[in-house]
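# Coordinate inspection notes
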Amino acid sequence: MDFNSIFKVPAPVIAGNKRKLPDAPSDAFLKKLKTDDDGEDYRLGWGPGSGAGSSSRPEELERDENASNEFEDEEDVRFHGDGLDADHKNILDIVDSAEDTPAQIDAAVLKKTVLRFEKAVNKNQEMRVKYPDQPLKFIDSEADLDEEIKNMLQLSAAPELYPLLVELQSHASILSLLTHENTDISIAALELLNELTDEDLVSEASEEAAAGMRVLVKALLDAEILSLLVTNLARLDATNSDDSSAIFVTLSIIENMISTMPEVSETVVNKTTILQYLLVLLTHKPFSSTKQYASELLAILCQSSRSNRLALASTQTAIGNGIDTLLRAANLYKKRDPTTADEIELMENVFDTLSAAVHEPEVKTAFLESEGLELLLLMMKEKRMSRMRALKLLNHALLLSPPLCDHFVEIMGLGALFPLLMHKGLKKYRKEYKSFSETDFDEHVISVLGSLFRHLTNTEYRGRLMLKFLENDFEKTDRLIELWTMYRQKVVVADKEISQRKTELQQEFDDGEIEKEELQMEEEELELRRLDAGLFTLYGITFIVSYVCVGEAEGDIRKRVEFLLDRRGDGIQNIVAVLQEYRSSLGGGTEKAESEHDNRTNATKMEKVEEEDMERRRVEALIQGLTK
């Protein structure tokens, strides 16, 4: 659209299109620029304040009354009221937005920006070498360098151009600034790296952008960025606000690189002392955002790699090994709750790291030696926010660990566990902590009981466990059947909803409303509803009920179970049916089963297969015992 033909005025000033007066303007030319003093439009770049001409009228126009009246008459017609009609307003809005839009980052812009940055780096180095003891001589070059570092931030808008950035060796120049004598320059370089590697830049970007990000991260790794970052952390003081900010940014860079290339997780642990640094940071008081981020990165490192979990147990600090240090950090919340949302996240990260680590047999040994079970029992009795996290950690620790199971009973752990099964004091706890999940709570309690029945090796301890279901007129047995009935009903309801929805989906597919891929995806999601309803908790309760029925020699527990089931319209055959379903799920029956078993063993594929076979034999023995 031709702006001039619409407005009948000079074109607006945008991006280098500023209108200029000729060297010797004629009267006719000046008349075209005349405006009314009260009707100047600054947005169009003409009249006072535009910078294009004088702030007062040309004297020639003041003497030319006829020309002025003629122009004002025309202007009154066109600019009456708010001055513009709807089309003109839309055009001006487009022009205004164009003026505010930053220049698009292309190869040419990147090269110019990099060139200015490299010049600033070289100039600063030159001045520092020339005047090492005269800061006033190189302070200007340092200010220029800081400005150019900030100008480099704009390149993050075009990660697809990162290969060119690497080709120009700019990443090496940025890394060289990490050890700059001026910590402000070092911090600015860290912030630049953090911005350039931000995972959000490519989370929803093109494949070209994601590929560009990988090129940059690979180049940074080849240039030993991880060693530089961790070494640089040593000269930063976590108690200083500026240095604390730099520590936070450094940890963010490492997390960004792990998000882009997951293998960085093991690399940074193998080649640096990052684990030791993070553990020490956790011991600092009081709480800080840097401490919270350290806990988050520690959880990321340990959840993603077996070798990292083993390294954690062997890493030494002033307190002891990594497990000792984490238990000390968890102990802070034994008798008090976190005071902020960030501190709650810190506490959860500490427990998540321990939960991931104790899957390894070697770490289980360290956990036992560090008296981790004793701490967990104390937390479970205190009934603070950490209680649920302690129960979850106990669940993970006892899985596939006969030594820990025996020690748990030895330190009177049953006295702390069974009140949880009976939900004693849970109403008050649920009211006080809104985030409490009864489903998760039951799942962890049942899983702990299941581990004890599977892995206790001491005959006396197994007898003490079995007696719990006989005492107080079978109250624990009654509670098991109550839970079994509740979770079985949840699964039955979920099965009905799934069946109905599958019928609807099939009809939609037959009518051509959805594609086959969409049908399959929907059906896979439906299977997750059974898990959300508590399917694996139901499997766990069924295993325990079956075990106490078959394992108690006198048969009193079985009689009690049959009586309770009969009163509810069920029978022992329903227990057997759930056991058979559980047996079918072993060895890859569902994605959840595979995932749960992966988390349990965390060992070689052969060990996983052996454990599945052993569990299947246990279940088959229980089925035979119930059907005699």
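Residues numbered from 1 in each chain as written. Predicted model: local features only at pLDDT ≥ 70, side-chain atom pairs only at ≥ 80, totals over all residues. Heavy atoms only, no water.

Scanning the protein for helices and strands turns up 34 helices and zero strands. Looking at the protein as a whole, 47% of its 628 residues are labelled buried. Counted over contacts in the protein with a minimum sequence separation of 6, partners at least 24 positions apart contribute 74%. Only carbon and sulfur atoms are counted for the fraction: they give 49% of the accessible area of the protein, which is about 32000 Å². (Helix = DSSP H or I, 4+ residues; strand = E, 2+ residues; numbered from the N terminus. Buried < 20%, exposed > 50% of the residue type's maximum accessible area, 1.4 Å probe, protein only. Contact = heavy atoms within 4.5 Å. Areas by Shrake-Rupley, 256 points an atom, 1.4 Å probe, with all protein chains shown as cover.)

A few words now on helix H32 (residues 572–585). The terminal C-alpha atoms of H32 lie 20 Å apart, and with 14 residues this matches the ideal 20 Å at 1.5 Å per residue to within 8%. Ile 572, Asn 574, Ile 575, Val 576, Val 578, Leu 579, Tyr 582 and Ser 585 are the residues of H32 that are buried. (Expected span 1.5 Å × (residues − 1).)

We now examine the side chain of Ser 370. Mapped onto the elements, Ser 370 comes out in the loop between helix H20 (361–369) and helix H21 (372–382). We classify Ser 370 as buried; its relative accessible area is 18%. Excluding its chain neighbours within four sequence positions, the residues that come into contact with Ser 370 are Asn 321, Ile 323, Asp 324 and Leu 327.

Here we come to the packing of aromatic side chains. For any two aromatic rings, the description comes down to two numbers: the centre-to-centre distance and the angle of the planes. For the structure on display, the rule yields ten aromatic pairs. Centroid distance Phe 418 to Phe 469: 5.5 Å. Interplanar angle 80°. Geometry classified as edge-to-face. Residue Phe 418 is located in helix H24 (residues 414–421), and its partner Phe 469 is located in the loop between helix H27 (459–467) and helix H28 (471–510); the two are separated by 51 residues in the primary sequence. Looking at Phe 418, the relative accessible area reads 3%, which means it is buried. For the cation-ring pair, Lys 490 lies above Tyr 487, with the distance from its terminal atom to the ring centre recorded as 4.7 Å. (Phe/Tyr/Trp six-rings, centres within 6.5 Å; stacked < 30°, edge-to-face > 60°. Lys NZ or Arg CZ within 6 Å of the ring centre and 35° of its normal.)

Time to look at the packing of helix H10 (residues 183–196) against helix H13 (residues 241–260). Helix-helix packing is described using two parameters, namely the angle between the two axes and the distance between the axes. As a packed pair, H10 and H13 sit with axes 9 Å apart at the nearest point and diverge in direction by 30°. Taken together, the axes of H10 and H13 lie roughly parallel to each other. For the pair H10 and H13, the crossing hand works out as left-handed. Mapping the contact onto sequence places Ile 187, Leu 190, Glu 191, Leu 193 and Asn 194 in H10 and Asp 242, Ala 246, Val 249, Thr 250, Ser 252, Ile 253 and Asn 256 in H13. (Axes fitted to C-alpha atoms, helices over the stretch in contact; angles between N-to-C directions. Parallel < 35°, antiparallel > 145°, perpendicular 65-115°, else oblique. Left-handed = near helix turned anticlockwise from the far one by under 90°.)

By themselves these figures say nothing about function.
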